[in-house]
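# Coordinate analysis (summary)
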Amino acid sequence: MTNKALIPLLVGMMLLTGVCNTLFTKYQDNQCVRNCDDPDPTKRKRFEQPVLQTAQMFVGEVGCWLIVGFMAAYEKYASRKSPAANGYEAVSTGDVEANNPEEQPLTSAPVKRRSSGPDGLLRGFGILLLALPAICDILGTTLVNAGLFMVAASIYQMTRGALVLFVGLFSVVFLHRKLHLFQWVSLIGVVVGVALVGLAGYIWPDAKAEATDILRQAADDATSADALRAVLGVVLIAGAQIFTATQFVLEEYLLERSSIDAIEVVGWEGLFGLAVTLICMLVLHLAVGRTDAGRYGMFDMVEGFRQMTEYRAVWISSLLTMVSIGGFNFFGLSVTRSVSATARSTIDSCRTLFIWIVSLGLGWESFKWLQVVGFALLVYFTFLFNGVVQPPLKFLRPDEEVEELLPEEPIEHN
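Residues numbered from 1 in each chain as written. Predicted model: local features only at pLDDT ≥ 70, side-chain atom pairs only at ≥ 80, totals over all residues. Heavy atoms only, no water.

## Notes on the state of the cysteines
Overall, the coordinates contain one disulfide when judged by the stated rule. Put simply, Cys 32 and Cys 36 are joined by a disulfide, and their sulfur atoms are 2.3 Å apart. One disulfide, between Cys 32 and Cys 36, carries an S-S torsion of -115 degrees and so falls in the left-handed class. The exposure class of Cys 32 is partly exposed, given its relative accessible area of 23%. By relative accessible area, which is 29% here, Cys 36 ends up partly exposed. (Disulfide = S-S within 2.5 Å. Buried < 20%, exposed > 50% of the residue type's maximum accessible area, 1.4 Å probe, protein only.)

Here you go:
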């Protein structure tokens, strides 16, 4: 159990690493990697490698094994220092206990050793089942990374709020959970909020977010092209939440039937996800990337690695993204079972708000009132769904205790 005194620090670090993860990825997307000296801005190419960014996310998740290793080494060291580990046993004396009832024995209880491995459904080769949520993570992350090219960082983060919609629906269909009327109303409200955020991006596409399209925007059809691009980005990000929700439901199903540390789940999914992503990258490079039509595109693996290694801003942001993802998983998993759903909803909303504020401060996007309305609806109905606020109307309030949809409490890995 996490020390309660450390929870504020862990929550703060979870917020910081979560915000940095999105901002570092968007910063990486904004880097010019080809024809950067061309006087025509429309011919300059930015870093657009969503598959490679998915791979770097999994590298960050694999880093969780370092934490598992440090924890195992510490427990082994602590057990060696424990007298109980060396065969010593405290002698019970009735006189001492009678005269000093609050005095503790000189020896502490034996340190609980880590289990040799997961049991239940994930025992032995069953651990390969974690490849299924890892594949969902690949699809979801690649789509949101592709969508992030097309929209501002805050719209990206807000659109991910559609996750609660699919988690709710999939929990009912596959896990046979029960949704109350106020939760169905909440899901409708979330859809409206996401739609307003997307509409804001369509009506007022950010020229700042599309720095390479300055001349194109001067043309008659530029605004329409940017608006459609923003809508496509929102659709990709919202659609990606289907895979993320599937990942959550699969993890819930597996964790209910097995005993395994959450940090190890992230580590295993990182290993499986990285292996599958690298294989897919190789296949897509051979099938598409090395063709004339696919050269210099997102499936050209050689070009992607060249861009990542030759441009300092790109590889530094890659390293920072990996570290932030590893940190977000560690700090998130450290607090997710120590705080309520109320706190987790508030933390995620604060994450979105901070990303928005920083993006405005950096000039990556412009302020839109319609986006404010959409964000407000997203926050309110997410809070309502999670029980942070009470339903405003009496007939919406349930007469029985609300069942938690995902008791194992999986968290977003990025």
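## Let's talk about the pattern of salt bridges
In total, this model carries eight salt bridges according to the counting rule given. With its nearest N and O atoms 3.4 Å apart, the salt bridge here joins Glu 252 to Arg 177. One end of the pair, Glu 252, is in helix α10 (residues 222-256); the other, Arg 177, is in the loop between α7 (163-174) and α8 (181-203), and 75 residues separate them in sequence. Among the residues examined, Glu 252 registers a relative accessible area of 0% and is labelled buried. Here Arg 306 ties to Glu 303 by a salt bridge, and the two come within 2.7 Å at their closest N and O atoms. Residue Arg 306 and its partner Glu 303 are located together in helix α12 (residues 301-310), separated by three residues, close to a single helical turn. Under the relative-accessibility criterion, Arg 306 is labelled partly exposed at 21%. A relative accessible area of 5% places Glu 303 in the buried class. Through salt bridges with shared partners, one network takes in Arg 34, Glu 303, Arg 306 and Glu 310. (Salt bridge = Lys/Arg side-chain N within 4 Å of Asp/Glu carboxyl O. Helix = DSSP H or I, 4+ residues; strand = E, 2+ residues; numbered from the N terminus.)

## As for the packing of aromatic side chains
Per the counting criterion, the structure on display carries nine aromatic pairs. Where Trp 65 meets Trp 268, the ring centres are 5.2 Å apart and the plane angle is 90 degrees; that geometry is what we call edge-to-face. You can see Trp 65 sitting in helix α3 (residues 64-81) and its partner Trp 268 sitting in helix α11 (residues 262-289), a full 203 residues away along the chain. Taking relative accessible area as the criterion, Trp 65 reaches 25% and is therefore assigned partly exposed. When the centroid spacing of 5.8 Å and the interplanar angle of 25 degrees are considered together, the rings of Trp 268 and Phe 272 count as stacked. Highlighted residues: Trp 268 and Phe 272, both in helix α11, separated by four residues, approximately one helical turn. By the ring-pair criterion, three or more aromatic residues cluster together here, those being Trp 356, Phe 367, Trp 369 and Phe 375. Above the face of the Tyr 296 ring, Arg 34 is positioned so that its terminal group lies 3.8 Å from the ring centre. Geometry around Phe 328 places Arg 351 over its ring, the cationic atom sitting 4.8 Å from the centre. (Phe/Tyr/Trp six-rings, centres within 6.5 Å; stacked < 30°, edge-to-face > 60°. Lys NZ or Arg CZ within 6 Å of the ring centre and 35° of its normal.)

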